[in-house]
Amino acid sequence: MISGIIMVFAVIWVYQTALREKTENLLFWVAVSGVVFLGVVGLFYFIDVATLESFRGSESTPGYERDLMSVGDRKNEGGFEGFKGVLLSTFFELMPAVAGFLAVAVVRVKFILKAAFTPANLFSGLSEMFASIGGSFKSTSAKEEE
């Protein structure tokens, strides 16, 4: 869910940048950025699952594996309780989306802006994107008053 929302923002960001830079094949670059985002997110989910399984030891215990008719949550053993569990869960949930966003930023700088890799170039245009999204929710009478 979080990755989907971030992907929508990333694709809008690439679209607005390509439109402003008058890039040829605008929709091609929007599609490429969406595919790159999904690919990186999928790769990071695979890495996350492999990492969690290595922490757990990949042991199937009766507390984890249940039959199909049983009701209740699985008991995830392996020391992921408390604050450590919250931090690991948050990291493993947010890292794929962040990595996908950074991959889209690299594609945007390298192929659309054709600029150097600097933090300013990687994240340029984000404030304008959010301002235009926020402005799109204003009614026409509110826009005329400004």
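Residues numbered from 1 in each chain as written. Predicted model: local features only at pLDDT ≥ 70, side-chain atom pairs only at ≥ 80, totals over all residues. Heavy atoms only, no water.

### Comments concerning helix 1 (residues 2-20)
Which entries qualify depends on this criterion: By the criteria applied, helices consist of DSSP H or I runs no shorter than four residues and strands consist of E runs no shorter than two, each listed in order from the N terminus. In a helix, the anticipated span is given by 1.5 Å times the number of residues less one. Exposed residues in this analysis have more than 50% of their type's maximum accessible area, buried residues have under 20%, and partly exposed residues fall in between, with area computed by a 1.4 Å probe over protein chains only. For this quantity, the arc is that covered by the directions from the helix axis to the C-beta atoms.
Counted at 1.5 Å a residue, the expected span for helix 1 with its 19 residues is 27 Å, and the 27 Å between its end C-alpha atoms agrees. Every buried residue of helix 1 is accounted for by Ser3, Ala10, Trp13, Val14, Thr17 and Ala18. Buried residues along helix 1 cover an arc of 125 degrees about the axis, so they all sit on one side. A positive backbone phi angle near 55 degrees is found at Lys22, which sits one or two residues after helix 1.

### A word on the side chain of Asp48
Note the threshold: It only takes one pair of heavy atoms within 4.5 Å for two residues to be counted as in contact.
By secondary structure assignment, the location of Asp48 is in helix 2 (residues 26-56). Judged by its relative accessible area of 6%, Asp48 falls in the buried class. Sequence-distant contacts of Asp48, that is, excluding residues within four places in its chain, are made with Phe92 and Pro96.

### Quick notes on the nonpolar core
Using the following cut-off: By nonpolar core is meant a set of buried Ala, Val, Leu, Ile, Met, Phe, Trp, Tyr and Cys residues that side-chain atoms within 4.5 Å join together.
Membership of the largest hydrophobic core comes to 20 residues, with the highest contact counts inside it found for Trp13 and Phe101. When residues of this core are traced back to their parent elements, those giving at least two are helix 1, helix 2, helix 3 (82-113) and helix 5 (126-135). No other element matches helix 3, which puts seven residues into this core.

### Some points on a nonpolar patch on the surface
In plain terms, the rule: A patch consists of residues exposed above 30% relative accessible area that lack any salt bridge, with like charges linked at up to 9 Å and nonpolar side chains (Val, Leu, Ile, Met, Phe, Trp, Tyr) linked at up to 5 Å. Using the Shrake-Rupley algorithm and a 1.4 Å probe, accessible areas are obtained, with residue cover drawn only from the displayed protein chains. Every case where a carboxyl oxygen of Asp or Glu lies within 4 Å of a side-chain nitrogen of Lys or Arg is listed as a salt bridge.
Taken together, the side chains of Ile2, Leu94, Val98, Leu102 and Phe123 make up a nonpolar region of the molecular surface, amounting to roughly 370 Å² of accessible area. Element by element, the count of residues in the nonpolar patch is highest for helix 3, at three residues. Within the element layout of this structure, Ile2 appears in helix 1.

### A short note on the environment of Ala18
On the secondary structure map, Ala18 appears in helix 1. The spatial distance from the C-alpha of Ala18 to the C-alpha of Ile112 is 6.3 Å, given a sequence separation of 94 residues. Excluding residues within four positions of it along the chain, Ala18 makes contact with Thr23, Leu26 and Ile112.

### Remarks on the packing of aromatic side chains
Rules: Here the aromatic set is Phe, Tyr and Trp, taking the six-membered ring for Trp, and pairing holds for ring centres within 6.5 Å; pairs whose planes are under 30 degrees apart are stacked, those over 60 apart are edge-to-face, and all others are tilted.
This structure, assessed with the given rule, holds five aromatic pairs. Judged by centre distance (5.4 Å) and plane angle (15 degrees), the ring pair of Trp29 and Phe111 falls under stacked. Placement of Trp29 in helix 2 and of Phe111 in helix 3 is noted, with a sequence separation of 82 residues between them. Overall, Phe111 belongs to the partly exposed group, its relative accessible area being 41%. Measuring from centroid to centroid gives 5.5 Å for Phe91 and Phe92, while their planes differ by 65 degrees, and the two rings are edge-to-face. Residue Phe92 is classed as buried on the basis of its relative accessible area, which comes to 12%. Each member of the aromatic cluster is reached from another via a ring pair, and the members are Phe28, Trp29 and Phe111.

### Overview of unusual backbone geometry
A positive phi is found at Lys22, a non-glycine position, where the angle reads about 55 degrees. Position of Lys22 relative to the elements: it lies in the loop between helix 1 and helix 2. Exposure remark for Lys22: the relative accessible area of 72% places this residue in the exposed category. Of note in this structure, Lys114 is not a glycine but carries a positive phi near 50 degrees. Locating Lys114 in the fold gives a position in the loop between helix 3 and helix 4 (119-122). Classification of Lys114 as exposed rests on a relative accessible area of 68%.

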